[in-house]
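Chain by chain, the residues:
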Amino acid sequence: MLYAVGDIHGEHEKLEELLAILPLSPGDRLVFLGDYIDRGPDAYAVVERLIRLQREWPCVFLLGNHESMLLDFLGWTDDAYFGGDAFLMNGGDRTLASYGYFDRPRPDRETFRFPKEHEDFLLGLKLHHVEGDYIFVHAGFARSEMKESDVAWALRRSKPEDLLWNRTTCDLPHNFNATVIYGHTPSEDFRVRWNPPFSIGIDTGAVYGGPLT
């Protein structure tokens, strides 16, 4: 069985509750769609749990726009890392607090270091994943790429800005001949956004009082 998990946003207790009820058995795999941090109470515990989880089960972890902002904020350079100037105003302060950033005598970026294992985890996050008849991305695609029938070609051409931030195309028809599984955009009622066979949105607003799906 292949399980996909939506945006966690520091909700460690909801993550533990979800993992506890998943009937995982040998051969199962998990795909996490990004946004493990920010806004919620304990980003540190979430990342710590996901690191342990990948030692127990085969896992794929995608990059979310919030991890992208964090890595840019911390000075890492990559085309997929940007928006660091907006990190704190998008809940990044709660992430830094969970890592003890503000408890140090000198709370600044120059002297702050993530735990090495957490840093390696964040730097290893992927922009997308394809498995079977499913395409996993954090947010969406550019409209121009959704006309393509070759998924590999569309993903190679896709810009990180669309994969991490685009909310305008997630529910549109496309030519991929596969179902896009995405997070990033919760519905107003915090339910799964069902749009088969084109897409399924599984950010159900865990950090806003909805469930973790």
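Given the structure is predicted, the values throughout are model-derived calculations rather than measurements.

So what exactly am I meant to see when it comes to the packing of helix 2 (residues 43-56) against helix 5 (residues 116-123) here?
Two packed helices can be described by the angle between their axes and the distance between those axes. Where helix 2 contacts helix 5, the axes come no closer than 10 Å and their chain directions differ by 75°. When the axes of helix 2 and helix 5 are compared, the pair comes out roughly perpendicular. Residue-level contacts link Tyr44, Val47, Glu48, Leu50, Ile51, Gln54 and Arg55 of helix 2 to Glu117, His118 and Phe121 of helix 5. Here the residues of the contact of helix 2 with helix 5 sort into five nonpolar, two polar and three charged.

Whenever I open this one, the sheet that holds strand 7 (residues 193-195) confuses me. Can you help?
Strand-to-strand pairing in sheets goes through backbone hydrogen bonds, with the strands running parallel or antiparallel. Spatial strand order, 4-5-6-8-7: five strands in an open sheet with mixed pairing. Edge strands, defined here as strands with exactly one partner in the open sheet, are strand 4 (128-131) and strand 7. Averaged over neighbouring strand pairs, the angle between their axes works out to 15° when direction is ignored. As defined by bridge partners, strand 7 adjoins strand 8 (residues 199-201) across three bridges and the pair is classed as antiparallel. Considered in strand 8, the bridge of Arg193 is made with Gly201.

Which parts of the structure should I look at to understand helix 3 (residues 65-73)?
Three or four residues apart is the spacing at which side chains of an α-helix point the same way, because the helix has 3.6 residues per turn. A large share of helix 3 lies buried, amounting to eight of its nine residues. All of the buried residues along helix 3 are Asn65, His66, Glu67, Ser68, Met69, Leu70, Leu71 and Phe73. Elements in contact with the buried residues of helix 3: helix 4 (92-98), helix 5 and helix 7 (160-165). Immediately beyond the C-terminal end of helix 3, within one or two residues, lies Gly75, with a positive phi of roughly 100°.

How should the side chain of Asp38 be read in this particular structure?
By the element assignment, Asp38 lies in the loop between strand 2 (29-32) and helix 2. The charged side chain of Asp38 is buried without a salt bridge, its nearest counter-charge being Arg39 at 7.1 Å. What Asp38 contacts, discounting residues up to four positions off in sequence, is His9, Gly10, Ala43, His66, Phe87, Asn90, Gly91, Gly92 and Thr95.

Analysis parameters
- All chains use their own residue numbering, which begins from 1 and follows the written sequence.
- Since the coordinates come from a predicted model, pLDDT governs what is reported: local features require at least 70, and pairs of side-chain atoms require 80 or more to be given and counted, while whole-chain, interface and lining totals use all residues.
- Note: side-chain values were computed over all heavy atoms of the structure, leaving out hydrogens and water.
- With axes taken as lines fitted to C-alpha atoms, and helix axes fitted only over the stretch in contact, angles between N-to-C directions fall between 0 and 180 degrees.
- Secondary structure is summarised from DSSP: a helix means a run of H or I of at least four residues, a strand means a run of E of at least two, and numbering begins at the N terminus for each.
- Relative orientations are named as follows: roughly parallel for angles under 35 degrees, roughly antiparallel for angles over 145 degrees, roughly perpendicular for angles from 65 to 115 degrees, and oblique for any other angle.
- The criterion used for residue contact is that any of the two residues' heavy atoms lie within 4.5 Å.
- Polar here means any residue other than Ala, Val, Leu, Ile, Met, Phe, Trp, Tyr, Cys and Pro, which are nonpolar, and Asp, Glu, Lys and Arg, which are charged; Gly is therefore polar.
- Paired strands, as defined in this entry, are two strands with at least two bridges between them according to DSSP.
- A simple rule labels every residue: compare its accessible area, found with a 1.4 Å probe on the protein chains alone, to the largest value its type can have, and call it buried under 20%, exposed over 50%, or partly exposed in between.
- The charge count includes Lys and Arg as positive and Asp and Glu as negative, but it does not include His or the ends of the chains.
- When a carboxyl oxygen of Asp or Glu is within 4 Å of a side-chain nitrogen of Lys or Arg, the pair counts as a salt bridge.

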